[in-house]
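A look at the structure
As a plain string of letters, each chain reads:
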Amino acid sequence: MENEAARMLAVIAVGWAVTFALRLVPFALFARGGHPAPKWAERFGDFASPAIIAALIVYSYSGLEWRTAWPYLAGVLTVAFQLWRRNPLLSILAGTVFYMSVLACGCTTERTIEFDVHHPVVTVAPEGVYFADRRVRPQDVPRILDDYGVPRSQTIHIRVDPRLRHSPEPNFLMACLAKNGYTRPILVSDRHAVSETIGPVPRQFETWSRDDTHDPPPSRGASRGKKR
Amino acid sequence: MREFAAIPAAERRRIRRAAFVASLPVLMGYVTMGFAAGVLMAVKGGLVHPAAWSALLAASTVSGTLSFAIVPLVADGASLAAVAALTLGINFRYAFYGFSMLGRWRGIPRLQKWFLVHSLADEIYALDLACRETDPLKHRLYCLWNHALNVSYWIVGTTSGAIAGAALPIPSKGIEFAMAALFIVILTDQVVDFAARAKERNSNGK
């Protein structure tokens, strides 16, 4: 909590200092004389500020489901509303409501929500084999990877629960992958294999996670912050 | 503030009323946008006290765009340098607003000037520009009311949004798009304005 206070105070102080300094620029530059706004400044502002805003659009899209068409459709809708009614609030509302309803309908699949093509991770736990938050049969994994469009040359991380280190499951999965042309699976021993992938820790894991001194159970704030 | 006693009380009331009426559209916008920014901070910021921080952020920066854009940085624990860079990029346009206010705000008491400069955000600036008071003192009073009212709207909006976002199960999946939409709207307006001005210049040239 004190951490949060210190950090947020610092963040807000930086935000305020930079913003105030920017707003102060003209007043600091022309504190005395009766100069009007210099021509170059106006010209520069004409070009610089749309360029910056465009960069910010790209930046904000990186936090959206940018691999699907939906954020772009929502963007087009926003522009259309803005050109039509010139009411920023209405335009933002239209785009956001559209985008949120698309997500709520599940129109974007796990492929884009919980799954990154460049970092495919298959989890092998005592409860079964998990991929993209779903329990799957090991022999189905190559087909599912293919459905997701994972190239055959892609490195695939297989997170193995330490208790299964010497069991045949991981090897069977490797064999299934190899047979279907996925030649670059990597076995990763991961004690968090299950708890992170499936969410709530299953009952039989509770003692184990309590004894784990390296990672204390995350606080409410920390666990929410880690998402993304 | 004592210098405003020179304006008759009825006139002061009129100015206050005019500032309030002019700010009504911004009231709608700020409270709603502020609410969205507050909800975003509460559900995505990963903070224990989102309402307090949203209020402080709103009061200290008075920048809607920043209130949205800073959320991912807060959530990811980004460095202060990243915060400074983002703020610089987002609020760069504010460096040009003051030019139109140089003449009108010259020689006013330092504290008032700092407050006015501190809260020189997009809509507030637009309302300052639209003010038709010719008397410098009246103009200043109008500006002060305008800034104070709109800043309070923004604070109320973000704080209530953060409280609601933390307390209620507001469906928040995809609310990040509000930030992108805000930028898209700003860019659309800028492009439209720019095109209009270019057209004007061309027709003047002929």
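Look above for the structure.
What you are looking at is a predicted structure, and each value in this text was computed from that prediction instead of being measured.

It is worth spelling out the overall build of chain A at this point. When helices and strands are tallied, chain A shows 10 helices and five strands. Each of the 228 residues in chain A was classed as buried or not, and the buried ones make up 26%. Of the contacts made within chain A by residues no fewer than 6 positions apart, 66% connect residues no fewer than 24 positions apart.

For the rest of this paragraph, the subject is the interface of chain A and chain B. Listed per partner, the contact involves 58 residues of chain A and 62 residues of chain B. Elements supplying a minimum of two residues to the side of chain A that touches chain B: α1 (2–29), α2 (39–61), α3 (70–85), α4 (88–104) and α10 (220–226) of chain A. No other element matches α1 of chain A, which puts 17 residues into the side of chain A that touches chain B.

Before going further, it helps to examine the packing of helix α2 (residues 50–61) of chain B against helix α8 (residues 136–167) of chain B. Residues and elements named next belong to chain B. Axis separation between α2 and α8 bottoms out at 8 Å; the angle between their running directions is 160°. Between α2 and α8, the angle falls in the class roughly antiparallel. Here α2 and α8 pass one another in a crossing that is right-handed. Counting all contacts with α2, which are made through Pro50, Ala51, Ser54, Ala55, Ala58 and Ala59, the residues of α8 involved are Trp154, Ile155, Thr158, Thr159, Ala162, Ile163, Gly165 and Ala166.

One recurring pattern in soluble globular proteins: nonpolar side chains tend to sit buried together. Grouped together as the largest cluster of nonpolar side chains are 85 residues, with contacts concentrated most on Leu40, Ala178, Leu182 and Phe183 of chain B. Dropping the residues within four chain positions of it, Phe183 of chain B is found in contact with Ile53, Leu56, Ile57 and Ser60 of chain A.

Residue and element names in this part refer to chain A. Across the sheet, which stays open at both edges, the five strands sit in the order β3-β2-β1-β4-β5 with mixed pairing between neighbours. Two strands lie at the open edges of the sheet, namely β3 (134–136) and β5 (185–189), each paired on one side alone. Taken pair by pair, the neighbouring strands of this sheet meet at an average axis angle of 30°, ignoring direction.

With that settled, consider the environment of Asn91 of chain B. You can see Asn91 of chain B is positioned in the loop between α4 (80–90) and α5 (94–97). Residue Asn91 of chain B is classed as buried on the basis of its C-beta count, with 23 C-beta atoms lying within 10 Å. Note: C-alpha distance between Asn91 of chain B and Thr65 of chain B (26 residues apart in sequence) is 8.0 Å. When sequence neighbours within four positions are dropped, the list of residues in contact with Asn91 of chain B reads Val18, Thr19 and Leu22 of chain A together with Ser63 and Leu66 of chain B.

This part takes up α4 of chain B. Along an α-helix, residues three or four apart share an orientation, since each turn contains 3.6 residues. Considered for burial, the residues of α4 of chain B that qualify are Val83, Leu86, Thr87 and Ile90 of chain B. What you see down the axis of α4 of chain B is that its buried residues fit within an arc of 100°, all on one side.

The rules behind each value
- Residues numbered from 1 in each chain as written.
- Chains lettered and ligands numbered in written order.
- Predicted model: local features only at pLDDT ≥ 70, side-chain atom pairs only at ≥ 80, totals over all residues.
- Helix = DSSP H or I, 4+ residues; strand = E, 2+ residues; numbered from the N terminus.
- Buried ≥ 20, exposed ≤ 12 C-beta atoms within 10 Å, placed from the backbone.
- Contact = placed C-beta atoms within 7 Å.
- Axes fitted to C-alpha atoms, helices over the stretch in contact; angles between N-to-C directions.
- Parallel < 35°, antiparallel > 145°, perpendicular 65-115°, else oblique.
- Left-handed = near helix turned anticlockwise from the far one by under 90°.
- Core = buried A, V, L, I, M, F, W, Y, C linked by C-beta atoms within 7 Å.
- Pairing = 2+ DSSP bridges.
- Arc of directions from axis to C-beta.

All we've got here are geometric facts, nothing functional implied.
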